[in-house]
Amino acid sequence: LRTFLTDQKLWDEAQEKAWIEDCGKRVDIEINAYLETPVQPVEAMFDYLYADPPPDLLAQRAAAIALEQRHG
């Protein structure tokens, strides 16, 4: 695709460098947004899985919370 666009005079090295720089900046913004996201409590992974969780899942949730409290 790059070769075709270059041959058609629709793309050049300057555009390539600008595009790579722009992509790098966008990735950095998203990485920082991820790193600034507050850590969710361990039970969050259970709370948003089912509207009405089955009993075995509730037991796993309780065990995860207990384990988190022991290590916290």
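Everything below is about the structure printed above this text.
Attention here is on the structure that accompanies the text.

Scoring rules and cut-offs
- The residue numbers shown here count from 1 along each chain, following its written sequence.
- Local features are withheld for residues below a pLDDT of 70 in this predicted model, meaning they are given only at 70 or higher, and side-chain atom pairs are given and counted only at 80 or more; totals for whole chains, interfaces and linings count all residues.
- Processing note: side-chain calculations cover all non-hydrogen atoms of the structure and skip hydrogens and water entirely.
- To qualify as a helix, a DSSP run of H or I must reach at least 4 residues; to qualify as a strand, a run of E must reach at least 2; elements of each kind are numbered from the N terminus.
- Given the number of residues in a helix, its expected span is that number minus one, multiplied by 1.5 Å.
- Burial status follows relative accessibility: with a 1.4 Å probe on protein chains alone, a residue under 20% of its type maximum counts as buried, one over 50% as exposed, and anything between as partly exposed.
- The directions considered for the arc run from the helix axis to the C-beta atoms.
- What makes two residues a contact is simply this: any of their non-hydrogen atoms within 4.5 Å.
- We define a salt bridge as a contact between a side-chain nitrogen of Lys or Arg and a carboxyl oxygen of Asp or Glu at a distance within 4 Å.

### Some words on the environment of E30
Right, so step 1: Counting through the fold element by element, E30 comes out in helix α2 (residues 13-35).
Right, so step 2: For E30 and A63, which are 33 residues apart along the polypeptide, the C-alpha to C-alpha distance reads 33 Å.

### Quick word on helix α4 (residues 55-71)
Right, so step 1: Its 17 residues place the ends of α4 25 Å apart at the C-alpha level, agreeing with the 24 Å of an ideal helix rising 1.5 Å per residue.
Right, so step 2: Burial in α4 covers these residues: L57, A64 and I65. Angular distribution of buried residues about the axis of α4 spans 100°; they occupy a single face of the element. The exposed residues of α4 that point more than 90 degrees off its buried face are P55, D56, Q69 and R70.
Right, so step 3: Contacts made by the buried residues of α4 are with α3 (44-47).

### Observations regarding the pattern of salt bridges
Right, so step 1: Enumeration over the complete set of coordinates arrives at five salt bridges.
Right, so step 2: Where E13 meets R2, a salt bridge forms, and the shortest distance between an N and an O atom there is 3.2 Å. Taken together, the positions of E13 in helix α2 and R2 in helix α1 (residues 2-7) put the pair 11 residues apart, joining distant regions of the chain.
Right, so step 3: Residue R2 is classed as partly exposed on the basis of its relative accessible area, which comes to 45%.
Right, so step 4: The shortest N-O distance in the salt bridge between R2 and E16 comes to 3.3 Å. With R2 in helix α1 and E16 in helix α2, the pair connects residues that are 14 residues apart, well separated along the chain.
Right, so step 5: A single salt-bridge network, built from bridges that share partners, covers R2, E13 and E16.

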